[in-house]
Amino acid sequence: MSHIDLLNTACRNREEAHEQMQQLLTERPRNLSLPQPFYNDPQMFRVDIEEVFLKEWIFVGMTSEIPARGDYFTVEIGQNPVLLVRDGDGSVEAFHNVCRHRGSRICNSRKGKVANLVCPYHQWTYDLKGNLLFAGTEMGDSFDMKEHGLKKAHCRTAGGFIFVNLTTGEVPDLDPFLATMDEYMEPYDMENTKVAVESNILEKANWKLVIENNRECYHCSGSHPELLNTLLEWDDTHDPRASEEFVAQYERQAAAWDEEKIPHKHVSHGLQNRVVRMPLKEGTVAMTIDGTASCTKLMGRIKNPEMGSMRILHLPNSWNHMQSDHVVVFRVLPISPQETLVTTKWLVHKDAVEGVDYDPKKLREVWDATNEQDRVLAEENQLGINSIGYQPGPYSETFEFGVINFIDWYCETVRNNLSK
Ligand code: FES
Ligand SMILES: [Fe+2]
């Protein structure tokens, strides 16, 4: 086959994959889990990357991970290496981590600090705004340095969270969610925090199974004894399962939050984002094994340890728990049709001292256990779905509304983005 033939075949395959995806989306019964190809077919996976992860806003990390000029971290979105760097004027910039000479990756560490960005291959050098500063002396008179700066990615920050969008087309509006994040995260002063602990788990499951698992607590009583020491599973007082005691507890704590001007009311932006503060179990203040605080220095301007947990959802790839003494942020990145990287970071006040103000073991214990339990659940789910015996099964409207919402968002997003 010639090179042109190969390209034509690739284009045809791509079109076929789009058609197959459109057809599956059109035929999908809304009350059933998705058909098998959504979870294991390489072509469908490519559509997920192209239509979801390269067109939607993706949570990549926290601004406090790169506090000073030249601090950077790297991330891969699909096969696209991306570089997040704190610039001299204090802003966070996102670049394709790809040299404009012959395409080498420029920064190859997970994180670090640089004065300028120097490609390891032939030392082309860029400043922190991505401008090319040095390209050797042999490029000839017609070579224009200005034409060879690093390619930028869209980047927005709010409430300490960094979001990146790699689209070359129309950029979805994130402003309403960013405004909510600025307001709801203000008490936490995230710029003055640090990552105390980080974990990275490569799960052998499609990324949607990881998110689906997170969007319901139907499985919690069977799998998460540590988490259920403190977590109350309902997301608002209107949940049909919410008890009278819970509603009374919520009202008492919400009055205290109002007193301190701590935002807590449920806010949604479509199905993509929701933010809400809910109490933890009566008598507990943090997601630790015994429910006591894991850090003696509270976050930001927070005085009342009884902050419950503010839950933040950002589809397609993040959920988060904000507590009075620490926050836990989760990032999900698809690696292959049946592999997903789940990164968890525990952040505390930047002045908190390890071994004095907090014990990393206590801090991470509950979510380490929960992540491991969820990994097994997602991987077992994948193994069953791969079988010829798998048939999409029914969702419970009461227990799995979060999964229904996620799958509705996913299907709608893929369908819309395919037609753009
Ligand atoms: S590929 Fe970067 S300097 Fe050559
Ligand atoms: Fe779980």
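Parameters at a glance
Residues numbered from 1 in each chain as written. Chains lettered and ligands numbered in written order. Predicted model: local features only at pLDDT ≥ 70, side-chain atom pairs only at ≥ 80, totals over all residues. Heavy atoms only, no water. Helix = DSSP H or I, 4+ residues; strand = E, 2+ residues; numbered from the N terminus. Buried < 20%, exposed > 50% of the residue type's maximum accessible area, 1.4 Å probe, protein only. Contact = heavy atoms within 4.5 Å. Areas by Shrake-Rupley, 256 points an atom, 1.4 Å probe, with all protein chains shown as cover. Lys, Arg positive; Asp, Glu negative; His and termini not counted. Charge placed at Lys NZ, Arg CZ, Asp CG, Glu CD. Pairing = 2+ DSSP bridges. Axes fitted to C-alpha atoms, helices over the stretch in contact; angles between N-to-C directions. Disulfide = S-S within 2.5 Å. Parallel < 35°, antiparallel > 145°, perpendicular 65-115°, else oblique. Nonpolar A, V, L, I, M, F, W, Y, C, P; charged D, E, K, R; others polar. Domains from an automatic or database assignment. Salt bridge = Lys/Arg side-chain N within 4 Å of Asp/Glu carboxyl O. Polar contact = N/O pair within 3.5 Å; in protein donor to acceptor, adjacent residues only side chain to side chain. Core = buried A, V, L, I, M, F, W, Y, C linked by side-chain atoms within 4.5 Å. Donors = N, O, S within 2.8 Å, 3.2 Å for Na, K, Ca; no water. Tetrahedral: all angles 85-135°; square planar, octahedral: opposite > 155°, others 65-115°. Phe/Tyr/Trp six-rings, centres within 6.5 Å; stacked < 30°, edge-to-face > 60°.

**Quick look at the overall build of the protein**
And then number 1: Counting its regular elements, the protein contains nine helices and 17 strands.
And then number 2: Along the first, second and third principal axes, the C-alpha atoms of the protein reach 75 × 55 × 35 Å.
And then number 3: Counting all 420 residues of the protein, 53% fall into the buried class.
And then number 4: Looking at the protein alone, contacts between residues at least 24 apart form 68% of all its contacts between residues at least 6 apart.
And then number 5: Here the protein displays about 18,800 Å² of accessible surface, and carbon together with sulfur accounts for 51% of that area.
And then number 6: Separation of charge centres in the protein, based on 43 positive and 63 negative side chains, amounts to 4 Å.

**A short note on the sheet that holds strand β9 (residues 154–158)**
Hydrogen bonds between backbone atoms are what pair the strands of a sheet, whose relative direction is either parallel or antiparallel.
And then number 1: Pairing is antiparallel across the open sheet formed by three strands, whose spatial order is β1-β10-β9. Every other strand in the sheet has two partners, leaving β1 (58–62) and β9 as the edge strands with one partner each. Across this sheet, the average inter-strand angle for adjacent strands is 30°, counted without regard to direction.
And then number 2: Sheet analysis places β1 next to strand β10 (residues 161–165), joined by four bridges and oriented antiparallel. Of the residues in β10, the one forming a bridge with F59 is F163.
And then number 3: Helix-sheet contacts for helix α4 (residues 175–185) involve β9 and β10, and the interaxial angle to β9 is about 30°.

**Remarks on the state of the cysteines**
And then number 1: Within the structure shown, the criterion is met by one disulfide.
And then number 2: A sulfur-sulfur distance of 1.9 Å marks the disulfide that ties C217 to C220. Torsion about the S-S bond of the C217 and C220 cystine: about -95°, corresponding to left-handed handedness.
And then number 3: On the basis of relative accessibility, which here comes to 14%, the residue C217 falls in the buried class.

**Focus: the environment of E251**
And then number 1: Positionally, E251 belongs in helix α7 (residues 244–259).
And then number 2: C-alpha of E251 to C-alpha of L32: the two residues are 219 residues apart in sequence and 36 Å apart in space.

**Considering the environment of L383**
And then number 1: Topologically, L383 is positioned in helix α8 (residues 360–385).
And then number 2: In this structure, the C-alpha to C-alpha distance between L383 and N80, residues 303 residues apart in sequence, is 28 Å.

**Points about the pairing of strand β13 (residues 273–278)**
And then number 1: Counting buried positions along β13 gives six out of six residues, so the element sits mostly inside the fold.
And then number 2: With burial as the criterion, each face of β13 is covered, one bearing N273, V275 and R277 and the other bearing R274, V276 and M278.
And then number 3: Taken together, the three bridges between strand β12 (residues 267–269) and β13 define a ladder with antiparallel strand orientation. Each residue of the ladder has a partner; that of S268, found in β13, is R274.
And then number 4: Remark: three residues form the turn of the hairpin made by β12 and β13, two consecutive strands paired antiparallel; G270 in that turn has positive phi of roughly 60°.
And then number 5: Across six bridges, the pairing between β13 and strand β14 (residues 309–314) is antiparallel.

**Structural notes on the sheet that holds strand β17 (residues 339–349)**
And then number 1: Pairing is antiparallel across the open sheet formed by seven strands, whose spatial order is β11-β17-β16-β15-β14-β13-β12. Across the chains shown, the open sheet's two edge strands, defined by having one partner strand only, are β11 (193–203) and β12. Strand-to-strand, the axes of this sheet are offset by a mean angle of 15°, without reference to chain direction.
And then number 2: Sheet analysis places β14 next to strand β15 (residues 318–322), joined by five bridges and oriented antiparallel. Within the sheet, the bridge partner assigned to M310 lies in β15 and is M322.

**Looking at the packing of helix α1 (residues 3–27) against helix α3 (residues 42–53)**
And then number 1: Close contact between α1 and α3 brings their axes to 9 Å; oriented N to C, the two are set at 85°. Regarding the angle of α1 to α3, the classification is roughly perpendicular. Contacts between α1 and α3 pair A10, N13, R14, A17, H18, Q20, M21 and L24 from the former with Q43, M44, R46, V47, D48, E50 and E51 from the latter.
And then number 2: Among the residues forming the contact of α1 with α3, the class breakdown is six nonpolar, four polar and five charged.

**A look at the domain arrangement of the protein**
And then number 1: Domain parsing of the protein yields domain 1 (61–165) and domain 2 (189–385).
And then number 2: Taking the mean C-alpha position of each, domain 1 and domain 2 sit 32 Å from one another.
And then number 3: At the surface where domain 1 touches domain 2, the tally comes to two salt bridges.
And then number 4: Among the salt bridges present, the one from K345 reaches E65, with a minimum N-O distance of 2.9 Å.
And then number 5: Inspection of the domain 1/domain 2 interface yields four residue pairs in polar contact (both at pLDDT 80 or more).

**Regarding the nonpolar core**
And then number 1: By size, the foremost hydrophobic cluster in this structure holds 69 residues, and its most contacted members are M21, V60, L84, V164, W207 and Y410.
And then number 2: Filtering out sequence-adjacent residues up to four positions away, V164 remains in contact with E56, W57, I58, V60, I77, V82, L84, A94, A153 and H154.
And then number 3: Y188, W234, M299 and I312 belong to the second-largest nonpolar core, a separate cluster that totals 36 residues.

**A look at the coordination of the iron ion (ligand 2)**
And then number 1: Protein coordination at the iron ion (ligand 2) comes from H219 (NE2), H224 (NE2), D374 (OD) and D374 (OD), with a distance range of 2.0 to 2.6 Å.
And then number 2: Considering all four donor atoms around the iron ion (ligand 2), the spread of angles at the metal, 54 to 151°, places the coordination shape in the irregular class.

**A short note on the packing of aromatic side chains**
And then number 1: Enumeration over the complete set of coordinates arrives at 14 aromatic pairs.
And then number 2: Aromatic side chains F38 and Y410 sit 6.1 Å apart centroid to centroid with 75° between the ring planes, which places their arrangement in the edge-to-face category. Of the two residues, F38 is situated in helix α2 (residues 37–40) and Y410 in helix α9 (residues 401–418); the sequence distance between them amounts to 372 residues.
And then number 3: According to the relative accessible area criterion, F38 is buried, its value standing at 1%.
And then number 4: Under the relative-accessibility criterion, Y410 is labelled buried at 0%.
And then number 5: Ring centres 4.9 Å apart and planes at 90° place the aromatic pair F53 and W207 in the edge-to-face group.

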